[in-house]
Amino acid sequence: MTYLELCQALCLEADLPGGGTVPTAVTGQSGELQRMVTWITNAYVEIQNRHGYAWRWLRNEFEIATVASTYRYAWDDAAVTDITGGNEGAGSALTTFNSWDVNDRIDPPKIYLTSGGVGTENWMIYVPWEWFRNIYEIGTQSDGYPSHVSVDPQNNLVIGPAPDAVYTITGLFQGGAQVLAANGDTPVLPVQYHQLIVCKALEKYAYFESDQATLNRARVEGSRLMRQLEGDQLQPMRVRGPMA
């Protein structure tokens, strides 16, 4: 459903006085209809924030074309692109961002010398920022083939040693919350769970109106959809290997 359709569905679920009153746009509203639009906006952001951006639909893949002697990259740097789509579209700059997902022992970032081609690709090794700083931010350093990756306190991706040529780095990042703004904006939340946004917004309406029956209905349906969403879109638990 689009942003406008979600707002219209909320109004129908709330059974507003006036015989099926629904907004015809998400902008230019006031009073009751403005509250409906705002509740949809907030409900969707809250769903995205619920698990600290651990949702699969917010997990995307980045690519960095390194710059020689540059070891620090911000998420909105021109060298960084989204290669899986996300909110932006494949091959475009990142417009929403929460965190680098580079500390994954099963799927760490990969790197290859661009001129050598993907056939020369290797895994990178994640090190905590304090270790990285002690290794690469002391004395005079020589550029080389980057093998380590970390994240600094300003949430920049850092690689060491600084690259001596152009390398291609790929890895995962967690996108930031998508904020709906225009009539046709469509949540990147999987479409089969769009009704969850309506349910969460309906709870807000029910609290505002002190409508216990509507609140109970929204909670029951919303809890069912949330369980389904969590089962489908959260990363499975991993069992640690045996201790030595």
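The structure under discussion appears in the preceding block.
Bear in mind that the values here come from a model prediction, so they are computed numbers and not experimental data.

Q: Looking at this model, I keep getting lost on the side chain of Asp101. Mind explaining?
A: Here Asp101 lies in strand E4 (residues 99-101). Overall, the relative accessible area of 19% leaves Asp101 in the buried class.

Q: Got a minute to help me understand the nonpolar core in this structure?
A: For soluble globular proteins, nonpolar side chains are generally found buried alongside one another. With 36 residues, the main nonpolar core has Leu10, Met36, Ile40, Trp57, Ile197 and Leu229 as its most contacted residues. Counting only elements with at least two residues in this core, the list comes to helix H1 (3-14), helix H2 (31-49), helix H4 (194-209) and helix H5 (212-233). Here Ile40 is in contact with Tyr3, Leu6, Cys7, Leu10, Ile197, Val198 and Ala201, once residues within four sequence places are set aside. Residues Ile64, Leu94, Val151 and Leu157 belong to the second largest nonpolar core, which totals 18 residues.

Q: Is there a simple way to explain the pairing of strand E10 (residues 167-174) in this structure?
A: As a general feature of sheets, a regular strand has side chains that alternate between the two faces. Here E10 lies mainly inside the structure; eight of its eight residues are buried. Of the two faces of E10, the one carrying Tyr167, Ile169, Gly171 and Phe173 and the one carrying Thr168, Thr170, Leu172 and Gln174 are both buried. Here four bridges tie strand E5 (residues 110-113) to E10, and the two strands are oriented antiparallel to one another. In the strand pairing of E10, Lys110 is matched with Thr170.

Q: Looking at this structure, how should I read the pattern of salt bridges?
A: Oppositely charged side chains are able to pair whenever their charged atoms sit close together. Under the definition given, this model contains 12 salt bridges. Residue Arg35 pairs with Glu32 through a salt bridge whose shortest N-O separation is 3.4 Å. Residue Arg35 and its partner Glu32 are both found in helix H2; the two are separated by three residues, about one turn of the helix. With its nearest N and O atoms 2.5 Å apart, the salt bridge here joins Asp152 to Arg72. Separated by 80 residues along the polypeptide, Asp152 in the loop between strand E8 (148-151) and strand E9 (157-160) and Arg72 in strand E2 (residues 72-73) bring together distant segments of the chain. Judged by relative accessible area, which is 4%, Asp152 ranks as buried. Residue classification places Arg72 among the partly exposed residues on the basis of a relative accessible area of 31%. Three or more residues joined by partner-sharing salt bridges are found here, namely Arg72, Arg133, Glu137 and Asp152.

Definitions and limits used
Residues numbered from 1 in each chain as written. Predicted model: local features only at pLDDT ≥ 70, side-chain atom pairs only at ≥ 80, totals over all residues. Heavy atoms only, no water. Helix = DSSP H or I, 4+ residues; strand = E, 2+ residues; numbered from the N terminus. Buried < 20%, exposed > 50% of the residue type's maximum accessible area, 1.4 Å probe, protein only. Core = buried A, V, L, I, M, F, W, Y, C linked by side-chain atoms within 4.5 Å. Contact = heavy atoms within 4.5 Å. Pairing = 2+ DSSP bridges. Salt bridge = Lys/Arg side-chain N within 4 Å of Asp/Glu carboxyl O.

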